[in-house]
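Examining the three-dimensional arrangement
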Amino acid sequence: MNKVKTVSISELNASVSRFLRANIDLSKYHIKGELSNVKYYSNGTIYFSLKDAEAQISCVMWGNLAKLLDFEAKNGVEVLVKAQVRFYEKGGNLQLEVQQMQASGFQGEIYQKYLEDKERFEKLGYFSPERKKPFPFLPKKVGVVTSAEGAVIRDIIKVATKRFHKPNILLYPAAVQGESAVPELIAGLKYLDAREDVEVIILARGGGSREDLWCFNHPDLVETLYRCKTPVVSAVGHQSDHSLSDEVADHSSPTPSAAAEFVFPEYQVLESRIDEQNSRLKQALNNKLYQMKQYLLTYETMQAKALESFKYRQKESLNRYKEKLAPYEPYTAIQNYKNKIAQFEQKTHFIIQRRLEQSYQKKEQFAEKLDALSPLKVLKRGYSRTLYEGKTLDSVSDLKKGADIEVELYDGILSCQIKDIIKK
Amino acid sequence: MLEENTLNVSKENLSFEEAMRHLEEVVKSLEQGKISLEQSVELYKQGTELVMICQKKLEEAESEIKKYNPKNNQEETFDQ
């Protein structure tokens, strides 16, 4: 009976390694494949995968050899390599140790097709910013197309709940890698887009290898996204991965969590926005009322001032008229006349006084003269006056003999009859 | 400046963002103050209504997390 031997993992891996070295010699072959998952290390060493449509293998190219490369080893580039198969005993992995590598044609076929698709869609204007749809900031319901398994949908729900408190989410579960991914993603987008209540769609997938994410470059998916009437956020892989889905979507977020942040507003922010507008509204009306009040006050003051100045001006001109009219005022006029009368009176009085004085002087002179000429005085001296028919006689011519005459002496009258007339 | 239709917005079917936009317009016009007192009061009334609409929309939002099942065309509760 065969006795069963026990071997350790180390022994097993060592013998696998020995077997490969002894039996697989690739020195006469070029291995053809497309670069993917290319990772550079600081010492220049490159880790990557070589793949074709059905299979892939891990590779390493040490720094001292990698630095001799005459092209940039990057994902999608199709290459021919000279390499040896090595079994990494410690990790139990099979890998190719690459000695030489050359680019066969500049880019790989898959990458080439991607570039062509990209250019075509670009020319058609699928990526132009003008056709990006705006997002509502309070979507009633948010549709999510992603896998029902895994962290992506859970991250989205978590962020949405944290921000909006009560998010409304409808998940359309879809494969996000492999053959069924493209048709399922398309079906999900179409279903959610057709629903009236879904106002935003998130198309999401977590990080993965370039191959895993490649379906998000599929032209059918790009076409579907382009035709969606509902705004779509695309969040595929991590920030460094940029797919055509990201390009054509209305918005692209670097991660599913970021997409949720973009779609779901912060409840409190909205509340405070409403509050802010509300208080500004009230303030603005108050300002308007205050402004009107001030206006009225100013107007009143202006009116009062205008009235005051009008009154003042009226008063001024009235005063001027008064001054002009003053002499014609009845009282003043009377006063003036009175003054004039008084002056006349004074003058008159003065004149009369003088006249009286003059008269008195004349009278005195006359009196003296009269006294000197007085007939009585003459009569006293012996002279007499002869009267005929009451008249003093100064001639004999008009008298006749026999006429009665009177002779007045100093102390009496003689009644006489003319006896004779003797003319001289 | 104040848009012609701001004063005549049909408020029944406004979305939150439309109501918010109108509200912001109303507030701006009111803040500019180049309108009559009557218009100001009218705008204030509009604004107050819009504030109420926004608040209502926010309060009306209902939390619901569901998963669509394409096989039976049903919505199921999503077990997180």
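To start, this report covers the structure provided alongside it.

A few points about the overall build of chain A
Looking only at helices and strands, one finds 12 helices and 14 strands in chain A. Expressed as a percentage of its 424 residues, the buried residues of chain A come to 34%. Carbon together with sulfur atoms contributes 54% to the accessible area of chain A, which is approximately 28,300 Å² in total.

Quick look at the environment of N72 of chain B
Locating N72 of chain B in the fold gives a position in the loop between β1 (64-69) and β2 (74-77). A polar atom in the side chain of N72 of chain B sits 3.0 Å from the backbone nitrogen of Q74 of chain B.

Topic: the interface of chain A and chain B
Taken together, the contact pairs 36 residues of chain A with 38 residues of chain B. Note on chain A versus chain B: buried area summed over both sides is about 3,400 Å², and carbon and sulfur give 67% of it. At the junction of chain A with chain B, the criterion picks out 4 salt bridges. As a salt-bridge pair, R280 of chain A and E31 of chain B come within 2.7 Å of each other at their nearest N and O atoms. Mapped onto the side of chain A that touches chain B, the elements with two or more residues apiece are α4 (151-164), β7 (168-173) and α10 (267-325) of chain A.

A look at a nonpolar patch on the surface
A cluster of nonpolar side chains, contributed by Y41, Y47 and W62 of chain A, occupies part of the molecular surface with about 300 Å² of accessible area. The exposure class of W62 of chain A is partly exposed, given its relative accessible area of 35%.

Re the nonpolar core
V144, I202 and F264 of chain A together with F16 and L58 of chain B are the most contacted members of the largest nonpolar core, which has 45 residues in total. The contacts of F264 of chain A, once residues within four sequence positions are left out, are V142, A160, R163, F164, P167, N168 and I169 of chain A. If you look at the next biggest cluster of nonpolar residues, it comprises 32 residues, including Y114, L185, L225 and V248 of chain A.

A short note on the sheet that holds strand β2 (residues 46-51) of chain A
Residue and element names in this part refer to chain A. Spatially, 5 strands are ordered β1-β2-β3-β5-β4 in a closed barrel, and the strand pairing comes out mixed. Recorded for the sheet is a direction-independent mean angle of 45 degrees between the axes of neighbouring strands. Sheet analysis places strand β4 (residues 78-88) next to strand β5 (residues 93-103), joined by 10 bridges and oriented antiparallel. Paired with V81 across the strands is M101, a residue of β5. Here helix α1 (residues 9-23) sits on the sheet in contact with β4 and β5, set at roughly 135 degrees to β4.

Comments concerning the sheet that holds strand β14 (residues 413-417) of chain A
Residues and elements named next belong to chain A. Across the sheet, which stays open at both edges, the 4 strands sit in the order β12-β11-β13-β14 with antiparallel pairing between neighbours. A single partner strand is all that each edge strand has here, and the edge strands are β12 (391-392) and β14. Sheet analysis places strand β13 (residues 404-408) next to β14, joined by 5 bridges and oriented antiparallel. What sits directly across from D404, in β14, is Q417.

What about the environment of D52 of chain A?
Residue and element names in this part refer to chain A. Along the chain, the position of D52 falls in the loop between β2 and β3 (56-61). When the C-alpha atoms of D52 and E78 are compared, they prove to be 9.4 Å apart, with 26 residues separating the residues in sequence. Here A55 takes part through its backbone nitrogen, which lies 2.9 Å from a polar atom of the side chain of D52.

Comments concerning the pattern of salt bridges
Taken as a whole and assessed by the stated rule, the structure comprises 20 salt bridges over all chains. A salt bridge links E247 of chain A to K118 of chain A; the nearest nitrogen and oxygen atoms lie 3.8 Å apart. Of the two residues, E247 of chain A sits in helix α8 (residues 244-248) while K118 of chain A sits in helix α3 (residues 109-123), which places them 129 residues apart along the sequence. Linking E25 of chain B and R21 of chain B is a salt bridge whose minimum nitrogen-to-oxygen distance equals 3.4 Å. Here E25 of chain B and its partner R21 of chain B are both found in helix α1 (residues 16-32), 4 residues apart, which amounts to about one turn of the helix. The exposure class of R21 of chain B is partly exposed, given its relative accessible area of 42%. The network of salt bridges with shared partners includes K113, D117 and R120 of chain A.

Observations regarding the pairing of β1 of chain B
Pairing of β7 of chain A with β1 of chain B involves 4 bridges; the strand directions are parallel. What sits directly across from L170 of chain A, in β1 of chain B, is K66 of chain B. Examined bridge by bridge, β1 of chain B and β2 of chain B share 4 bridges and lie antiparallel to one another. Each residue of the ladder has a partner; that of Y68 of chain B, found in β2 of chain B, is E75 of chain B. The hairpin turn running from β1 of chain B into β2 of chain B, its antiparallel successor, is 4 residues long, and N73 of chain B in that turn takes a positive phi close to 60 degrees.

Reading the values: rules and limits
Residues numbered from 1 in each chain as written. Chains lettered and ligands numbered in written order. Predicted model: local features only at pLDDT ≥ 70, side-chain atom pairs only at ≥ 80, totals over all residues. Heavy atoms only, no water. Helix = DSSP H or I, 4+ residues; strand = E, 2+ residues; numbered from the N terminus. Buried < 20%, exposed > 50% of the residue type's maximum accessible area, 1.4 Å probe, protein only. Areas by Shrake-Rupley, 256 points an atom, 1.4 Å probe, with all protein chains shown as cover. Polar contact = N/O pair within 3.5 Å; in protein donor to acceptor, adjacent residues only side chain to side chain. Contact = heavy atoms within 4.5 Å. Buried area = accessible area lost by both parts, 1.4 Å probe. Salt bridge = Lys/Arg side-chain N within 4 Å of Asp/Glu carboxyl O. Patch = residues over 30% accessible without salt bridge, like charges linked within 9 Å, V, L, I, M, F, W, Y side chains within 5 Å. Core = buried A, V, L, I, M, F, W, Y, C linked by side-chain atoms within 4.5 Å. Pairing = 2+ DSSP bridges. Axes fitted to C-alpha atoms, helices over the stretch in contact; angles between N-to-C directions.

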